[in-house]
Amino acid sequence: CRAVLGEPPGIPERPPALTVGQWQLLTELLRHDPATPELGAVLTPDGSTVALGPLLAGIEAGLRSGGFGPPLPTLDPPADPLLAVTIAEALGTSFLLAQGSDNATALGPGGCWDDVENPQNYTLRGPPSPVPDPVAIGAMDGVLLGAQLARGPLPVAELLRGYYGVGNGSDAGRSLSSYRRRDFGALAGQGRLEKEVAAVLGMLRTLSPSPELLRDMGTQEVAAVARRAAQEFSERYVECPAIVPRCLWSARPYRGTPAPLQPPLGSVFLHHTLEPARPCRTFSTCARAMRDMQRFHQDTRGWDDIGYSFVVGSDGYLYEGRGWHWVGAHTKGYNTQGFGVGIVGDFTATLPDPDTLALVRDELLPCAVRSGHIRPDFTLRGHRQLGRTDCPGNALFQEIQSWPGFQ
């Protein structure tokens, strides 16, 4: 960041538009401490946890590359300043640190807030890498918003509201941020990301003092690190859909002791939730739907937990139910043989929107195969094929008959 954007300025005076409390919060959020990467992260209205450092670095780089502010330097070796200050340097450094160590991870983990209605504290769910999930998400958003600002200036408040949504709990429609994985992949796919990580690692070698990790590395070794970093980042954050963990939709605890699944499984069973009947299009409404379903399954049905393995919202996200590892209660007689995926809504007469269908068909199912959760020759079935039910609704059942794996 210093090589590209220059030395950071001192903290300016409080702008008149912000209260003392708001300004104090903002200055605390922007104090970066690598030892505590969970600080400096915020919960956005779409349910994402975003690190502000790479987000704001991307916004500044985008504005300056569009001619608004001091010009950006020409980097040697050639590197894109926008990707350098958001993801390329952090990603390259993380994989350098992790190589040669059996236990070190270069990506993740995710984390959870203490209370999604009134979030105060965010805690990572494992040992941190230099690129925990909030940093990865903040970097992708920094790239996308920086690229937008390079085309023309926009007030930052308007930019952020338009991207993350206003979080008013309405069914107004999905936020632009829910498309971050698709849009980032289109802008900086695996090939370009690999090239940029290699260029930034090359640039770090020219800085004085150069990082110790790079001193004895040849060009081919640097290229190998960049290739691995781009591949693993793309697999985790671009090619696979985002899954909202149980702790983020405020799930109750599982009752009793869950039974483990034995992956890879051979089947996926598709459901519609019927209730709620309307698709949920925002994080707040989808999270509420998850809590309502869990309450019904536990208190009325007497089950240990929400029955589905995963639930699909029309907000662009998957919601973790029983998840990949535990036997569900979705398809009686077949729960140990496959995963149960429910789409929020009643799809007797109408279909989910095309993006929601694509999320399951083109993202979730191929990702589950690549990650070893389901077999490459898996079968896809509608709930009605295995029990006396109209689920997943006539319209949706007709639709899935053209999907790969349907039997």
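Rules used in this analysis
- Residues numbered from 1 in each chain as written.
- Predicted model: local features only at pLDDT ≥ 70, side-chain atom pairs only at ≥ 80, totals over all residues.
- Heavy atoms only, no water.
- UniProt positions renumbered as here; feature names shortened; annotations may be inferred.
- Domains from an automatic or database assignment.
- Contact = heavy atoms within 4.5 Å.
- Buried area = accessible area lost by both parts, 1.4 Å probe.
- Salt bridge = Lys/Arg side-chain N within 4 Å of Asp/Glu carboxyl O.
- Polar contact = N/O pair within 3.5 Å; in protein donor to acceptor, adjacent residues only side chain to side chain.
- Nonpolar A, V, L, I, M, F, W, Y, C, P; charged D, E, K, R; others polar.
- Core = buried A, V, L, I, M, F, W, Y, C linked by side-chain atoms within 4.5 Å.
- Buried < 20%, exposed > 50% of the residue type's maximum accessible area, 1.4 Å probe, protein only.
- Helix = DSSP H or I, 4+ residues; strand = E, 2+ residues; numbered from the N terminus.
- Disulfide = S-S within 2.5 Å.

As annotated in an unreviewed UniProt entry, the protein carries the name PGRP2 amidase and is attributed to Toxostoma redivivum. Per its UniProt entry, the protein bears the Sequence similarities (unreviewed entry) comment "Belongs to the N-acetylmuramoyl-L-alanine amidase 2 family."

Enquirer: Just checking my understanding: could you explain the domain arrangement of the protein for this structure?
Expert: For an interface, size is often stated in terms of accessible area lost upon the parts coming together. In terms of domains, the protein is made up of domain 1 (20-239) and domain 2 (246-401). The straight-line distance from the C-alpha centre of domain 1 to that of domain 2 is 31 Å. If you look at the interface, domain 1 gives 21 residues, while domain 2 gives 19 residues. The contact between domain 1 and domain 2 buries some 1,700 Å² in all, and 49% of this surface belongs to carbon and sulfur atoms. As a salt-bridge pair, Arg 370 and Glu 239 come within 3.7 Å of each other at their nearest N and O atoms. On the surface where domain 1 and domain 2 come into contact, there are 4 residue pairs in polar contact (both at pLDDT 80 or more). Here the residues of the side of domain 1 that touches domain 2 are counted per class, giving 6 nonpolar, 8 polar and 7 charged.

Enquirer: Just to check I follow, could you spell out the nonpolar core for this structure?
Expert: Grouped burial of nonpolar side chains is what soluble globular proteins tend to show. Val 4, Ile 87, Leu 91, Phe 184, Leu 201 and Phe 233 are the most contacted members of the largest nonpolar core, which totals 47 residues. Sorting the residues of this core by element identifies α1 (2-5), α3 (52-65), α4 (81-98), α5 (133-151), α8 (190-206) and α9 (219-237) as the ones contributing at least two each. Counting residues per element, this core draws most heavily on α4, at 11 residues. Excluding residues within four positions of it along the chain, Ile 87 makes contact with Val 131, Ala 139, Phe 184, Leu 193 and Phe 233.

Enquirer: Just checking my understanding: could you explain the state of the cysteines for this structure?
Expert: Here, disulfide denotes a covalent bond that connects the sulfur atoms of two cysteines. Counted under the stated rule, the structure contains 3 disulfides. With a sulfur-sulfur separation of 1.3 Å, Cys 112 is cross-linked through a disulfide to Cys 247. Here Cys 112 is found in strand β3 (residues 111-113), whereas its partner Cys 247 is found in the loop between β5 (243-244) and β6 (265-272), with 135 residues between them in sequence. Under the relative-accessibility criterion, Cys 247 is labelled partly exposed at 30%. Across the disulfide from Cys 240 sits Cys 367; the S-S distance is 1.8 Å. As the torsion about the S-S bond is roughly 95 degrees, the Cys 240-Cys 367 disulfide counts as right-handed. One end of the pair, Cys 240, is in the loop between α9 and β5; the other, Cys 367, is in helix α11 (residues 354-370), with 127 residues separating them in the sequence. By the burial criterion, Cys 240 is buried, and Cys 367 matches it.

Enquirer: Help me out: how do you make sense of the UniProt feature "domain: Peptidoglycan recognition protein family" (unreviewed entry) in the protein in this one?
Expert: Taken from the UniProt record, the annotation "domain: Peptidoglycan recognition protein family" (unreviewed entry) applies to residues 241-387. Note that residues 241-387 is 24% helix and 21% strand, and that its end C-alpha atoms are spaced 29 Å apart.

Enquirer: So what exactly am I meant to see when it comes to unusual backbone geometry here?
Expert: A negative phi holds for most residues other than glycine; trans holds for most peptide bonds. Following Pro 263, the chain continues to Pro 264 via a peptide bond in cis, the omega torsion being 0 degrees. Structurally, Pro 264 is set in the loop between β5 and β6. The linkage connecting Cys 391 with the following residue, Pro 392, adopts the cis geometry, with an omega of 10 degrees. Structurally, Pro 392 can be placed in the loop between β10 (374-382) and α12 (394-400). Even without glycine at this site, Ser 250 takes up a positive phi of about 65 degrees.

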